[in-house]
Amino acid sequence: MASPETPKGQEKPAERPLIMRYAARSDVGRIRSKNDDSAYVGRHLAVVADGMGGHAGGDVASASTVLDMIHLDHDDYPDGADTVLADEIQTANSLLSELVHQNPKLSGMGTTVTALLLEGRKLHFAHIGDSRAYRLRNKKFEQVSIDHTFVQRLIDEGRLRPEEAETHPHKNVLMRVLGDVDASPELDLDVLDVEPGERWLLCSDGLNYVAGHVVERMVRETKDLRECAEILVDLTLEAGAPDNVTVVMLEIAEETDDDVNTAAVDVVPAAALAAVDEPEAVTATKSADDLAADKAAAGTKAEPQAKDARDAHAGSSFSAGDPGEKEDETEAASSDEPSEPPTTTDPHLGEHLSAEVLREELASRPHELVGAAATAAETGSIPTVAGRTVARRAATVLTHKAEQDRDEVEEPARRRVRWLMPAVAAVVVLGVVVGLWLGYAWTQTRYYVGEYDQRVAIFNGISQRLGPIQLSRLEAVTDLRVDSLPEYGQQSVRQTVPAGDLDDAQGIVENLRVTGSASANCPSASPTSVPTGSASTKPTPIPTPTPTASVPIPSTAAVASATPSPVPTPCEAAK
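Residues numbered from 1 in each chain as written. Predicted model: local features only at pLDDT ≥ 70, side-chain atom pairs only at ≥ 80, totals over all residues. Heavy atoms only, no water.

**Regarding the sheet that holds strand β11 (residues 199-203)**
And step 1. One open sheet holds the five strands; their spatial order is β1-β12-β11-β7-β8, and the pairing between them is antiparallel. Of all the strands in the sheet, the pair left with one neighbour each is β1 (18-27) and β8 (140-143). Each strand axis lies, on average, 15° off the axis of its neighbour in the sheet, ignoring direction.
And step 2. Inspection of the sheet shows β11 paired to strand β12 (residues 245-254) by five bridges, in the antiparallel sense. What sits directly across from C203, in β12, is V247.
And step 3. Contacts from helix α4 (residues 212-221) reach β7 (132-137), β8, β11 and β12, with the element oriented near 135° to β8. (Pairing = 2+ DSSP bridges. Helix = DSSP H or I, 4+ residues; strand = E, 2+ residues; numbered from the N terminus. Axes fitted to C-alpha atoms, helices over the stretch in contact; angles between N-to-C directions. Contact = heavy atoms within 4.5 Å.)

**What about the environment of S107?**
And step 1. Looking at the secondary structure, you find S107 in the loop between α2 (84-102) and β4 (110-111).
And step 2. When its relative accessible area of 47% is taken as the criterion, S107 is described as partly exposed.
And step 3. With sequence-adjacent residues up to four places away left out, S107 is seen in contact with V100 and D180. (Buried < 20%, exposed > 50% of the residue type's maximum accessible area, 1.4 Å probe, protein only.)

**Looking at the nonpolar core**
And step 1. In this structure, L72, L85, I89, M109 and L369 are the most contacted members of the largest nonpolar core, which totals 40 residues.
And step 2. Breaking this core down by element, the ones donating at least two residues are β3 (45-52), α1 (58-67), α2, β5 (113-119), β6 (122-128), α9 (349-363) and α10 (372-379).
And step 3. Counting residues per element, this core draws most heavily on α2, which supplies seven residues.
And step 4. Setting aside its immediate chain neighbours within four residues, I89 contacts M69, V113, A126, L178 and L187.
And step 5. In terms of nonpolar packing, the next biggest core, distinct from the first, is built from 22 residues, V215, V219, L232 and V247 among them. (Core = buried A, V, L, I, M, F, W, Y, C linked by side-chain atoms within 4.5 Å.)

**A short note on the environment of V514**
And step 1. Relative to the helices and strands, V514 is located in helix α15 (residues 502-515).
And step 2. For V514, a relative accessible area of 47% corresponds to the partly exposed category.
And step 3. C-alpha separation for the pair V514 and L485, spaced 29 residues apart in sequence, amounts to 10.0 Å.

**Considerations on the side chain of D130**
And step 1. Within the element layout of this structure, D130 appears in the loop between β6 and β7.
And step 2. For the buried D130, no salt bridge exists, and the shortest N-O distance to an oppositely charged side chain is 7.4 Å, to R132.
And step 3. Leaving out residues up to four positions away in the same chain, D130 has contacts with T112, D147, T149, L174 and D205. (Lys, Arg positive; Asp, Glu negative; His and termini not counted. Salt bridge = Lys/Arg side-chain N within 4 Å of Asp/Glu carboxyl O.)

**A few points about unusual backbone geometry**
Across residues other than glycine, the phi torsion is negative in most instances, and most of the peptide bonds are trans.
And step 1. You will see that K139, though not glycine, has its phi angle at about 65°, which is positive.
And step 2. Turning to its location among the elements, K139 is positioned in the loop between β7 and β8.
And step 3. When its relative accessible area of 73% is taken as the criterion, K139 is described as exposed.

**Examining the side chain of H71**
And step 1. Mapped onto the elements of the fold, H71 is located in the loop between α1 and α2.
And step 2. The class for H71 is buried, based on a relative accessible area of 3%.
And step 3. Of the polar contacts made by the side chain of H71, one reaches the backbone oxygen of D68; its length is 3.3 Å.
And step 4. Separated by 3.4 Å, the side chains of H71 and E88 make a polar contact. (Polar contact = N/O pair within 3.5 Å; in protein donor to acceptor, adjacent residues only side chain to side chain.)

Printed below as a string of structure tokens:
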């Protein structure tokens, strides 16, 4: 029987939301003593992090980064998730820097991050380091991520062939990672359209010891995601597994009615659940303060078990904060009402509380957590930063409001200094540039007379130089040769004669042409001779004095000898 036709004008059924179906596995390998890899995958978030720093803190770096990102695993972003994933990775990077600041023994630790965040029909991609992301879509298998390694840069520059990369002595040298090296590392970001049925493989570089065509064949042919992840890890172990290996397999699918909100992996020990008078799943609307108050009462009951776990993992402790500070923070966040501090001698109370909050959050949603992050969740050794209170961290995890929570936390003074110093430097540089430009503009209003090609020339500017920069340019060259001037004039021209403007400079040239001097005070003709009383000079008749005057009359020779000779001026001396 034919199905009834859809009435005309009736809207088509809405598309079902997309989710991730997933499987994950991590293994320490056959050579390493501990696992520095961490991974988380849920219905909307997948993250793989490969820690570096060896025994110092590779596991701390990867676990801290992954655990601080798990609150993104949801599909409720009213303003869009365009920048959320990148912002959270940058925040995780700043937390690593703070961990190193509190515990210098962790200096040099870092981690790679490759992450996917599913929002509606878009997949947000973020990547840094050499962990990888592969996609199988429409029968096409391709590597989406680009390795941030030294050998990959050589390949991109054409200095190394891809087949030579695996045997290169510096193949593991990373150019970009999260850690205490860069305050704002550069991430590879992309927003991709997504279709139901496409598959993704996220993995650490430990899987590189399996041939690429073998990995592709397993992803194509193994229908069961968990079986595919198990096979890929087993193949790595058969190849020797000199490094940790972590594999996350996921497939994009439409959500069905059978998708229930239960945890994929039970990370909460039964004894811990029995000690807590709370439901197995904690709702996302419960306040952090209420949760802190509830857990403070149960902290002493969970102490023996947590202590045993810490003793079992004493060689790989994640705690980086000061226990005393954690205790104070827990007491401050326990309740808004005034009350006495809890009577407990446990110095790790804040650590227990943070672990309980994390465990209940993980138990409230389908997910898989593997590697160092899983070890941290199981043992309660959560990487914590003094100054970031447990209550605020719980609010971040439980209410999925990381942006609002970070606004409430007072920014550390040293982070403010990071912004202040570049701002001051920029202002200083701008002031110098403006001052230099104004100075140069003023020089171009000046003129001077100098020598060019053995001729008198007029220059625009000043005769000085500023390093390699000449602060003048040739304005005009006259036909007056410098060697035709008297010695005084030549010296003036070669030392340059400043002028106020172009007319002034032209006047100086004219003076040089007429008088041989740059000075405008020199007469243009030779001075008039004054009679010296020689024999050819006629004496001026002297009137005969009246009888009443009895004054001696000087002779002509006496008058001539009393007349002074002319004195040459500086201009005459120059001639």
